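Per-entry structural report
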Amino acid sequence: MYNKLQYISQGESVEEQLYNIHSALDNGCDWIQMRFKHQKPKKAFALAESVKFLCEEYLANFIINDDVHLAKQFNADGIHLGLSDMGVAEARAILGKTKIIGATANTFEDIVKQVNNGCDYIGLGPFKFTKTKSNLSPIIGLDGYRSIIDKMKDSGIEIPLYAIGGITLEDLENLVQTGIHGIAISGIITKSDQKSKLITELNEKLYGNVII
Ligand SMILES: Cc1ncc(COP(=O)(O)OP(=O)(O)O)c(N)n1
Ligand SMILES: Cc1nc(C(=O)O)sc1CCOP(=O)(O)O
Ligand SMILES: [Mg+2]
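Summarised in this report is the structure supplied together with it. All values derive from a computational prediction rather than experimental measurement.

Around ligand 1, the structure places 16 residues, and the nearest of them are Gln33, Arg35, Lys37, Asp85 and Thr104. Contact between ligand 1 and Asp66: an oxygen atom at 3.0 Å from a side-chain N or O atom of the residue. A distance of 2.9 Å separates an oxygen atom of ligand 1 from a polar atom in the side chain of Asp85. Relative to its free-state accessible area of 420 Å², ligand 1 is covered by the protein chains to the extent of 92%. Elements with a minimum of two residues in the shell around ligand 1: strand S1 (5–8) and strand S6 (121–124). Here the residues of the shell around ligand 1 are counted per class, giving four nonpolar, seven polar and five charged.

Laid out in structure tokens, this is it:
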């Protein structure tokens, strides 16, 4: 089963990224997506090398945003690909069957396309406005999630679906009720000065009484 809480990393430098990732792991995150945009290859390489090591130490999932070759090079657990990144089928040919390939969707039609191309999970967003990502797709909102998930059920599409974009603790009860599998979060975890409390509360709301 895929873990329900994915931390998407932030930071302008390798050091800041590592600090944020390390403290997310230390405070209970067990899935890291290394998102380090527009960097020189040497820096992305250095960060990936350290994150791989850290995630092994914490027994956490390690996936990389965008860069399939970097994921291959470090034998990461997988990759997350957006609608304008490398296609899922091409990434699958490079990474193989056992790696996790996550794919972005903003509409039901995107989900159908990404699922048909063989992705393992969907990141559906943005749920709300967020400053973390520029050039956001149209905001989906709670009603949008309900309607897209209804269409998935009607079409027999079963795949772990992660909500993403501007999510806060207060959103979780309603979001979980829509039938999402989990959430991907960056800003509120990065900025929290009570990370352990926040991550515990997020996990409690995501897993309910299930022991993890
Ligand atoms: C879990 C998850 N869902 C969606 C995204 C967004 O990916 P993408 O559209 O490629 O945008 P960037 O993150 O690359 O800016 C994601 N990263 N993770
Ligand atoms: C990386 C990303 N992708 C999105 C999408 O909608 O595809 S929203 C987003 C940012 C998620 O971070 P935060 O929790 O700080 O809003
Ligand atoms: Mg991308």
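Residues Tyr121 and Gly123 point to one face of S6 and Ile122 and Leu124 to the other, with burial holding for every one of them. Bridge count between strand S5 (residues 100–105) and S6: four bridges; the pairing is parallel. Bridge pairing in S6 places Gly102 opposite Tyr121. As for the winding sense of the linkage, the β-α-β connection from S5 through helix H5 (residues 108–116) to S6 is right-handed. As defined by bridge partners, S6 adjoins strand S7 (residues 161–164) across three bridges and the pair is classed as parallel. Bridge pairing in S7 places Gly123 opposite Tyr162. Assessed by its sense of winding, the connection that carries the chain from S6 through helix H6 (residues 141–154) to S7 is right-handed.

Our focus in this paragraph is the site of ligand 2. In the neighbourhood of ligand 2, 13 residues make up the surrounding shell, with Thr130, Thr132, Gly166, Ser186 and Gly187 lying closest. The contact in question runs from an oxygen atom of ligand 2 to an N or O atom on the side chain of Lys133, over 3.2 Å. At a separation of 3.0 Å, an oxygen atom of ligand 2 approaches a polar backbone atom of Ser186. Relative to its unbound accessible area of 420 Å², ligand 2 is 93% covered by the protein chains. Residues belonging to the shell around ligand 2 are distributed by class as follows: three nonpolar, eight polar and two charged.

Let us now look at the coordination of the magnesium ion (ligand 3). Listed as protein donors to the magnesium ion (ligand 3) are Asp66 (OD) and Asp85 (OD); their distances from the metal cover 2.0 to 2.2 Å. Here Asp85 lies in the loop between strand S4 (78–81) and helix H4 (88–95) and Asp66 lies in the loop between strand S3 (61–65) and helix H3 (68–73), a separation of 19 residues in the sequence.

Using the criterion set out here, one finds seven salt bridges in the structure. Between Asp171 and Lys128 there is a salt bridge; the shortest N-O distance is 2.9 Å. Taken together, the residues span a long stretch of sequence, with Asp171 in the loop between S7 and helix H7 (172–177) and Lys128 in the loop between S6 and H6 at a distance of 43 residues. Here Lys128 falls in the partly exposed class, since its relative accessible area comes to 29%. Measuring nitrogen to oxygen at the nearest pair gives 3.9 Å for the salt bridge that ties Lys205 to Glu173. Of this pair, Lys205 sits in helix H9 (residues 195–207) while Glu173 is found in helix H7, placing the two residues 32 residues apart along the sequence. We classify Lys205 as partly exposed; its relative accessible area is 35%.

How each quantity is defined
- Residues numbered from 1 in each chain as written.
- Chains lettered and ligands numbered in written order.
- Predicted model: local features only at pLDDT ≥ 70, side-chain atom pairs only at ≥ 80, totals over all residues.
- Heavy atoms only, no water.
- Near = heavy atom within 4 Å.
- Polar contact = N/O pair within 3.5 Å; in protein donor to acceptor, adjacent residues only side chain to side chain.
- Areas by Shrake-Rupley, 256 points an atom, 1.4 Å probe, with all protein chains shown as cover.
- Helix = DSSP H or I, 4+ residues; strand = E, 2+ residues; numbered from the N terminus.
- Nonpolar A, V, L, I, M, F, W, Y, C, P; charged D, E, K, R; others polar.
- Buried < 20%, exposed > 50% of the residue type's maximum accessible area, 1.4 Å probe, protein only.
- Pairing = 2+ DSSP bridges.
- Right-handed = clockwise from strand over helix to strand, strands pointing away.
- Donors = N, O, S within 2.8 Å, 3.2 Å for Na, K, Ca; no water.
- Salt bridge = Lys/Arg side-chain N within 4 Å of Asp/Glu carboxyl O.

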